[in-house]
Amino acid sequence: MKNRVFVITGAAGSGKTTVRDYLHDKYKMARVITHTTRPPRANERDGVDYYFEDDKSFFDNHFLESVHYAGHYYGSSYEGLENAWEKSPFATIVLDTAGAITYKKKLGDKAVIIFLQVGDTHELQRRMQGRGDNAEMVAKRISSKEYNRDLEMPYELQEKAYKVINHDLNQTRRRIDEIVEKYQH
Ligand SMILES: Nc1nc2c(ncn2[C@@H]2O[C@H](COP(=O)(O)OP(=O)(O)O)[C@@H](O)[C@H]2O)c(=O)[nH]1
Ligand SMILES: Nc1ncnc2c1ncn2[C@@H]1O[C@H](COP(=O)(O)OP(=O)(O)O)[C@@H](O)[C@H]1O
């Protein structure tokens, strides 16, 4: 089976982490852990959710791509992807849309891009609050240009990404199953 990385992208709260965990649990895809200078949330652990870095240590990594998103740096390393592929031919990673565009450009058909969308922005906010994000963090996020940019599939990903509307989670899982099925033979 050819190595692939399933890139999950979309706005904050659109369900990227939920889909990534589904791909891990159901298909045993290895998760690529990325690096960030954002402080950890209460339930997040270093090396599991992210590698949490400071403004100096962040730049010691060998990045495939990195971005500035809502006031913090995020980046994914070559080593992280290679480590994931050593564990399993299918890996999965969560990126903003700028990162997804870079992955597609650099990795071609090894990168399978899934763009998640939730049409209703109030629902997105409810989901962020529902997972425990504090009000200040949510307000900062929704006023950022990156969050607003990621609400719609970018032009560069048209025809190159699968768009999945994440309203009903069971329906989303079925759609994800159909997409994975295309790459299993
Ligand atoms: N390009 C890129 N984006 C990343 C990376 N790691 C995380 N992200 C994205 O950065 C954005 C902010 O992530 P986070 O602070 O965890 O917020 P969340 O989307 O609300 O869970 C999300 O769109 C993530 O997908 C990375 O290594 N590269
Ligand atoms: N289809 C859905 N319906 C309702 N809640 C959802 C759905 N998909 C995800 N969620 C919930 O919404 C919140 C945000 O999802 P999450 O996967 O953390 O988003 P992201 O990683 O894109 O920021 C989580 O609490 C998650 O359990």
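Residues numbered from 1 in each chain as written. Chains lettered and ligands numbered in written order. Predicted model: local features only at pLDDT ≥ 70, side-chain atom pairs only at ≥ 80, totals over all residues. Heavy atoms only, no water.

**Q** Quick one: what's the story with the sheet that holds strand β5 (residues 63–69), residue by residue and with numbers?
**A** Each strand in a sheet pairs with another by means of backbone hydrogen bonds, the pair being arranged parallel or else antiparallel. If you walk across this open sheet you meet the four strands as β4-β3-β6-β5, and the pairing is mixed. The open sheet has two free edges, formed respectively by β4 (51–52) and β5, since each of these has just one partner strand. The strands touched by helix α2 (residues 78–87) are β5 and β6 (72–77); relative to β6, the strand with the most contacts, the crossing angle is about 45°. (Pairing = 2+ DSSP bridges. Helix = DSSP H or I, 4+ residues; strand = E, 2+ residues; numbered from the N terminus. Contact = heavy atoms within 4.5 Å. Axes fitted to C-alpha atoms, helices over the stretch in contact; angles between N-to-C directions.)

**Q** Please give an account of the pattern of salt bridges that cites residues and values.
**A** All told, the structure shown has 15 salt bridges when counted by the stated rule. A salt bridge links arginine 127 to glutamate 123; the nearest nitrogen and oxygen atoms lie 2.8 Å apart. Of this pair, arginine 127 and glutamate 123 both sit in helix α4 (residues 121–130), separated by four residues, roughly a single helical turn. Among the residues examined, arginine 127 registers a relative accessible area of 24% and is labelled partly exposed. Ionic contacts of the salt-bridge type, sharing partners, join the residues Arg38, Arg41, Glu44, Arg131 and Asp133 into one network. (Salt bridge = Lys/Arg side-chain N within 4 Å of Asp/Glu carboxyl O. Buried < 20%, exposed > 50% of the residue type's maximum accessible area, 1.4 Å probe, protein only.)

**Q** How would you sum up the site of ligand 2? Please name residues and give values.
**A** Close contacts around ligand 2 come from 13 residues, with Gly13, Lys16, Thr17, Thr18 and Arg131 the closest. Contacts to ligand 2 include lysine 16, whose side-chain N or O atom sits 2.8 Å from an oxygen atom. Arginine 131 is positioned such that a nitrogen or oxygen atom in its side chain is 2.7 Å from an oxygen atom of ligand 2. If ligand 2 stood free it would expose 570 Å²; the protein chains cover 76% of that surface. (Near = heavy atom within 4 Å. Polar contact = N/O pair within 3.5 Å; in protein donor to acceptor, adjacent residues only side chain to side chain. Areas by Shrake-Rupley, 256 points an atom, 1.4 Å probe, with all protein chains shown as cover.)

**Q** Which residues make up the environment of threonine 172, and what values go with them?
**A** Along the chain, threonine 172 falls in helix α7 (residues 169–181). Residue class for threonine 172 comes out buried when judged on its relative accessible area of 1%. When residues no more than four places from it in sequence are discounted, the contact partners of threonine 172 are Val19, Val164, Ile165, Asn166 and His167.

**Q** Now, about the site of ligand 1: what can you tell me, with residues and values included?
**A** Close to ligand 1 lie 18 residues; Arg38, Tyr50, Glu65, Tyr74 and Arg131 are nearest. A distance of 3.1 Å separates an oxygen atom of ligand 1 from a polar atom in the side chain of arginine 41. Relative to its unbound accessible area of 570 Å², ligand 1 is 97% covered by the protein chains. Among the residues making up the shell around ligand 1, the classes are represented as seven nonpolar, four polar and seven charged. (Nonpolar A, V, L, I, M, F, W, Y, C, P; charged D, E, K, R; others polar.)

**Q** Break down the nonpolar core for me, with residues and values.
**A** Formed by 20 residues in total, the largest nonpolar core has its most connected members in Val5, Val7, Leu81 and Tyr103. Residue assignment for this core shows that the elements contributing at least two residues are β1 (4–10), α2, β7 (90–94), α3 (97–107) and β8 (111–117). In this structure valine 7 touches Ile93, Leu95, Ala100, Tyr103, Val112, Ile113 and Ile114, once residues within four positions along its chain are discounted. Formed by 17 residues, the second largest nonpolar core is a distinct cluster that contains Leu23, Met29, Leu116 and Ile176. (Core = buried A, V, L, I, M, F, W, Y, C linked by side-chain atoms within 4.5 Å.)

**Q** Residues and numbers for the UniProt feature "domain: Guanylate kinase-like" (unreviewed entry) in the chain, please.
**A** Under the UniProt annotation, "domain: Guanylate kinase-like" (unreviewed entry) lies at residues 3–181. The straight-line gap between the two end C-alpha atoms of residues 3–181 is 15 Å; of that span, 39% is helix and 24% is strand. (UniProt positions renumbered as here; feature names shortened; annotations may be inferred.)

**Q** An account of unusual backbone geometry is needed here, citing residue identities and associated values.
**A** Most peptide bonds take the trans form, and the phi angle of most residues other than glycine is negative. A positive phi angle, near 45°, is found at alanine 70, a position not held by glycine. Look at alanine 70 and you get buried, because its relative accessible area is 11%. In the Ramachandran plot, glutamate 159 falls in the positive-phi region, its phi being about 70° despite a non-glycine side chain. Structurally, glutamate 159 is set in the loop between α6 (145–149) and β9 (161–165).

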